[in-house]
There are 2 protein chains.
Amino acid sequence: MDWSRIDRYAKSLIKEAGHRIRISFYQHIDIETKADANDLVTNIDREIEQFFISHIKRDFPGHSILGEEGFGDEVNSLKGVVWMLDPIDGTMNFIHQKRNFAISLGIYSDGIGMLGYIYDVMRDEFYNAFRGEGAYLNDERIPALRKANLEEAVIGVNASWVAPNRYVDHEKMAELIHTCRGTRSFGSAAIEIAYVATGRVDAYISMRLAPWDIAGGMIIASEVGAVASNLEGKPANLLGQDTFIIANPALHGRILHDFIRLKDRT
Amino acid sequence: MDWSRIDRYAKSLIKEAGHRIRISFYQHIDIETKADANDLVTNIDREIEQFFISHIKRDFPGHSILGEEGFGDEVNSLKGVVWMLDPIDGTMNFIHQKRNFAISLGIYSDGIGMLGYIYDVMRDEFYNAFRGEGAYLNDERIPALRKANLEEAVIGVNASWVAPNRYVDHEKMAELIHTCRGTRSFGSAAIEIAYVATGRVDAYISMRLAPWDIAGGMIIASEVGAVASNLEGKPANLLGQDTFIIANPALHGRILHDFIRLKDRT
């Protein structure tokens with residue numbers, strides 16, 4: 001497999017998709033809801049996903065594609081090469097803010113993350129990684145993470161997970177909030193993972209993410225030493241929706257052990 | 001009073017201060033804590049405030065200056081012309097992220113907001129307003145806010161205020177979180193107020209802000225119809241630390257009435 005060629009190809013597709021998204025602000029954007037009233041999708045999410053899929057299917061016919069908007073393949077196993085794509089991660093921000101959303105793409109080979117990309121379109125910040133070769137932001141090497149300290153850490157966590165919820169004991173989450181230095185919530189998992197990779201926040205926690213939200217970011221963040229898992233401490237789920245944490249290596253175990261109490265949801 | 005001259009002067013100072021902050025990343029940054037371990041200040045916050053104050057004192061000797069870092073005047077009344085300055089709003093972001101902080105300045109005449117500025121330094125986004133003349137982002141007019149609907153609103157609120165706290169009933173805050181479409185937290189009051197003014201978020205709530213955090217933003221946001229107050233519904237406090245809400249005009253009353261239950265702190 002010529003991964004360098006795939007890397008150049010993917011970069012070029014993502015850059016063109018970013019351009020298409022930027023010019024979409026001059027068109028009409030249709031907003032629809034999906035599973036629930038706050039799960040939004042637009043014609044632009046769909047068009048961008050179709051743009052990716054039509055190219056990848058033509059040029060890499062043996063590869064599978066798992067896309068948020070469902071135009072890709074039904075992916076039930078990680079065998080072979082799988083592209084995991086979120087054409088617009090942070091659709092609510094795309095609609096409300098016209099910023100703070102990203103294109104997220106991870107390319108896996110038999111379940112191993114080979115190439116990861118996050119493109120913060122409106123900031124024109126392109127994060128990428130090639131397995132074992134380090135992570136980059138706009139072609140500048142991202143340094144390995146230095147050990148963080150929880151008391152001085154900034155954590156990406158949405159207020160929803162500190163309110164009563166069906167996933168975790170929210171009182172333990174409140175303890176975490178009171179222990180760390182501060183919390184932030186940007187509304188795009190891909191951007192929050194990019195922030196962990198660059199040390200701008202020290203951990204990011206969510207109760208409900210899909211493979212396409214995390215696939216690209218995990219490859220990037222692991223190159224600088226960040227540790228990812230679901231909230232049971234098992235490998236992050238690339239085949240279905242699950243809880244998720246990605247953190248500075250000095251914080252991952254402590255947060256899981258001291259502050260996460262999963263509710264029994266069976 | 002030649003307010004147009006003061007406007008040109010203030011803009012120019014802020015732009016130069018932004019430049020000084022950007023180049024400060026190539027220098028050593030000393031970090032200290034203030035009132036509590038998470039209330040941070042750096043030598044750059046101090047240098048930037050002194051830069052402002054030395055110029056304003058020289059060129060407008062009759063004006064008072066209230067600055068976050070304490071190099072200005074002791075301001076106990078809003079008589080005369082008062083400049084309210086936060087040289088770096090979002091110091092924690094300045095330190096941890098090198099982005100998502102702002103210079104915030106409001107100029108008041110006998111308590112009336114005349115000129116407001118928020119400069120998101122790293123995005124190079126300059127928001128400003130001249131009383132009665134509308135609000136601008138990089139010299140483009142910001143349109144008046146359209147009525148928002150709470151069920152489709154995005155609210156800026158930090159997870160701390162949804163965790164148990166000494167200011168408000170956190171269970172009612174959790175209800176608010178569950179009623180609106182989503183929440184965000186960027187970690188700079190000035191930037192969050194700028195987001196309200198541009199309709200990117202529909203409300204911003206905090207339990208503990210100082211006059212310099214809100215002075216510039218209130219002038220900008222009021223030009224597009226946003227409504228500000230403390231959480232009792234009284235005018236926002238320009239002389240001391242207080243609770244704060246700024247919101248789309250269709251949401252301000254409903255949030256206060258239905259979701260804010262202040263604790264008795266006497």
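Our structure's up above, just so we're on the same page.
As the structure is a computational prediction, the values presented were derived from the model and not from experiment. (Residues numbered from 1 in each chain as written. Chains lettered and ligands numbered in written order. Predicted model: local features only at pLDDT ≥ 70, side-chain atom pairs only at ≥ 80, totals over all residues. Heavy atoms only, no water.)

Next up on the list: the relation of the copies chain A and chain B. Screw-axis analysis of chain A against chain B gives a translation of 0.0 Å along the axis, an RMSD of 0.0 Å, and a rotation angle of 180°. Here the copies are linked by what is in effect a two-fold axis. In this assembly the copies share their binding face: 100% of the residues contributing to the interface of chain A also contribute to that of chain B. (Least-squares fit on C-alpha atoms with pLDDT ≥ 70 in both. Contact = heavy atoms within 4.5 Å.)

Residues and elements named next belong to chain B. Taken in spatial order, the seven strands of this open sheet run β3-β4-β5-β6-β7-β8-β9, and their pairing is mixed. Looking at strand neighbours, the two that pair on one side only are β3 (64–67) and β9 (140–141), the edges of this open sheet. Strand direction decides the pairing type here: strand β5 (residues 102–109) and strand β6 (residues 112–120), joined by eight bridges, are antiparallel. Along β6, the bridge assignment pairs S109 with I112. Packing of helix α1 (residues 3–24) onto the sheet brings it into contact with β4 (81–89), β5, β6 and β7 (125–130), and relative to β6 it is tilted by some 25°. With respect to the sheet, helix α6 (residues 211–223) is in contact with β3, β4, β5, β6, β7 and β8 (135–137), its orientation differing from that of β5 by roughly 75°. (Pairing = 2+ DSSP bridges. Helix = DSSP H or I, 4+ residues; strand = E, 2+ residues; numbered from the N terminus. Axes fitted to C-alpha atoms, helices over the stretch in contact; angles between N-to-C directions.)

On to unusual backbone geometry. In this structure, N100(A) is a non-glycine residue whose phi angle is positive, near 60°. Positive phi, normally seen in glycine, also occurs at N138(B), with a value near 45°. Structurally, the position occupied by N138(B) is in the loop between β8 and β9.

Now for the sheet that holds strand β4 (residues 81–89) of chain A. Residue and element names in this part refer to chain A. As summarised here, the arrangement of the seven strands in space is β3-β4-β5-β6-β7-β8-β9, forming an open sheet in which the pairing is mixed. Single-partner strands in this sheet number two, and they are β3 (64–67) and β9 (140–141). Pairing between β4 and strand β5 (residues 102–109): seven bridges, direction antiparallel. Each residue of the ladder has a partner; that of D86, found in β5, is S104. Contacts between helix α6 (residues 211–223) and the sheet are confined to β3, β4, β5, β6 (112–120), β7 (125–130) and β8 (135–137), with β5 contributing the most and set at about 75° to the helix.

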